[in-house]
Amino acid sequence: MNQNEAKLAAARAAVDLLPALGTLGLGSGSTAKLFVDEVGARVKAGAAYRGVPTSQGTRLQAEALGIPLLGDAEMWDILLCVDGADEVDAQLNLIKGGGGALTREKIVNDASKKNVIIVDESKLSARLGEKWHVPVEVLLFGHEHAKKRLGELGKVSRRMKGDAPFVTDAGNAIYDVAVGPMDDPRVVDRAMRAIPGIVETGLFLGRADVVVVAAASGVRLLERKG
Ligand code: 5RP
């Protein structure tokens, strides 16, 4: 199984965890995109799902598939959110934000009764930070100062899209902070949040209920304890 096949296997396995109907959080990224395609197929076949998209990209995909969407300002009642991740540790803590959608993703995650994360096996690591930097969304006002403060935690680089700085759906910057393997990601998260102008971090700690992992040997479900 190559990585794309593994992503598809994880997305399809998540469909088995869906309620019969109701509101779903729709994640962002290439793995979540495959899941949204599956939801679209079920809506087309008559399933009564509604979605809350975690990015403008996912919104456009869901609209094209005919998935009814709730508005940004509505009160959501999300039964289940399915999203991807960039790195997953043994406690099912995550690094997310490879696509720059981390703030909306965290809001929808928080609003959802249950959160399922879909990944291929390459995303697993013993300690977060072994494979990925931590993406941080930063207000443009004073962002060079925030960058300097983030630099106290690791090497910082501004996320780019081609030759231009990447801009989030909310009009902010993303800084990627290479903090290295973390003994306690909560300490890093707290230090980042203490910097004025930080909107959100890509550390999703204690936020995954189930992680669906697809590997050559098959698909397995990891469930958070406690
Ligand atoms: C976007 C995300 C994605 O879910 C994460 O980057 C994983 O993406 P992919 O499934 O393409 O590897 O957090 O902000």
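K.L.:
For this particular structure, what's the right way to read the overall build of the protein chain?
P.N.:
Assigned secondary structure in the protein chain consists of 6 helices and 15 strands. Rg of the C-alpha trace for the protein chain: 17 Å, near the compact-globule value of 17 Å for 226 residues, within the 12% margin. Dimensions of the protein chain, computed from C-alpha atoms along their principal axes, come out at roughly 50 × 40 × 35 Å. Expressed as a percentage of the 226 residues in the protein chain, the buried residues total 49%. In the protein chain, once contacts between residues fewer than 6 apart in sequence are set aside, the share between residues at least 24 apart is 73%. Summed over its atoms, the accessible surface of the protein chain is roughly 10500 Å², and 53% of this surface lies on carbon and sulfur atoms.

K.L.:
What exactly am I supposed to notice about the site of the ligand here?
P.N.:
The environment of the ligand is made up of 17 residues, and the closest members are Ser28, Ser30, Thr31, Asp86 and Gly97. The separation between an oxygen atom of the ligand and a polar main-chain atom of glycine 97 is 2.8 Å. Side-chain polar atom of lysine 123 to an oxygen atom of the ligand: 2.8 Å apart, as the coordinates give it. Relative to its unbound accessible surface of 380 Å², the ligand loses 91% to contact with the protein.

K.L.:
It is not clear to me how the environment of arginine 186 should be interpreted in this structure. Could you clarify?
P.N.:
Mapped onto the elements of the fold, arginine 186 is located in helix α6 (residues 185-193). Through-space distance from the C-alpha of arginine 186 to that of glycine 98 is 19 Å; in sequence the pair is 88 residues apart.

K.L.:
Where do I start with the sheet that holds strand β14 (residues 210-215) in this structure?
P.N.:
Sheet strands pair via backbone hydrogen bonds, and the direction of the pair is either parallel or antiparallel. If you walk across this open sheet you meet the 6 strands as β2-β1-β3-β6-β14-β15, and the pairing is mixed. Looking at the sheet topology across the chains shown, the edges are occupied by β2 (49-53) and β15 (218-223). Adjacent strand axes in the sheet meet at a mean angle of 25° when their direction is disregarded. On the sheet, helix α1 (residues 3-15) packs against β3 (78-83), β6 (112-120), β14 and β15 and is oriented at approximately 155° with respect to β6. The sheet strands contacting helix α4 (residues 102-111) are β1 (22-26), β2, β3 and β6, and the helix crosses β6 at an angle near 130°.

K.L.:
What am I meant to see in the domain arrangement of the protein chain here?
P.N.:
Interface size, as often reported, equals the accessible area lost upon joining of the parts. For the protein chain, the domain assignment lists domain 1 (3-84 + 98-121 + 205-213) and domain 2 (134-204). The C-alpha centroid of domain 2 is placed 25 Å from the C-alpha centroid of domain 1. With 14 residues of domain 1 at the interface, the matching set in domain 2 holds 17 residues. Of all residues in domain 1, Leu102, Lys106 and Leu205 give up the largest surface area on contact with domain 2, accounting jointly for 55% of the area buried on that side. The closest approach of N and O atoms between aspartate 169 and arginine 104, which form a salt bridge, is 3.9 Å. Counting across the domain 1 and domain 2 interface gives 6 residue pairs in polar contact (both at pLDDT 80 or more).

K.L.:
What am I meant to see in the sheet that holds strand β5 (residues 94-95) here?
P.N.:
Taking strand neighbours across the sheet as the criterion, the 3 strands line up as β4-β5-β13 in an open arrangement whose pairing is antiparallel. Edge strands, defined here as strands with exactly one partner in the open sheet, are β4 (87-88) and β13 (203-204).

K.L.:
Which parts of the structure should I look at to understand the nonpolar core?
P.N.:
Nonpolar side chains tend to gather and get buried jointly when the protein is soluble and globular. Core analysis: the largest hydrophobic core is formed by 23 residues, its most contacted members being Leu18, Phe35, Val39, Val116 and Ile118. Sorting the residues of this core by element identifies α1, β1, α2 (30-44), β3, β6 and β14 as the ones contributing at least two each. Examining the composition of this core, we find that 6 residues originate from one element, α1, more than from any other. Excluding anything up to four places from it in sequence, isoleucine 118 contacts Ala10, Ala11, Ala14, Thr31, Ala32, Phe35, Val82, Asp83, Gly84, Ala85 and Val212. In terms of nonpolar packing, the next biggest core, distinct from the first, is built from 18 residues, Val156, Ala173, Val188 and Ile198 among them.

So, how was this worked out
- Residues numbered from 1 in each chain as written.
- Predicted model: local features only at pLDDT ≥ 70, side-chain atom pairs only at ≥ 80, totals over all residues.
- Heavy atoms only, no water.
- Helix = DSSP H or I, 4+ residues; strand = E, 2+ residues; numbered from the N terminus.
- Rg over C-alpha atoms; globule rule 2.2 N^0.38 Å.
- Buried < 20%, exposed > 50% of the residue type's maximum accessible area, 1.4 Å probe, protein only.
- Contact = heavy atoms within 4.5 Å.
- Areas by Shrake-Rupley, 256 points an atom, 1.4 Å probe, with all protein chains shown as cover.
- Near = heavy atom within 4 Å.
- Polar contact = N/O pair within 3.5 Å; in protein donor to acceptor, adjacent residues only side chain to side chain.
- Pairing = 2+ DSSP bridges.
- Axes fitted to C-alpha atoms, helices over the stretch in contact; angles between N-to-C directions.
- Domains from an automatic or database assignment.
- Buried area = accessible area lost by both parts, 1.4 Å probe.
- Salt bridge = Lys/Arg side-chain N within 4 Å of Asp/Glu carboxyl O.
- Core = buried A, V, L, I, M, F, W, Y, C linked by side-chain atoms within 4.5 Å.

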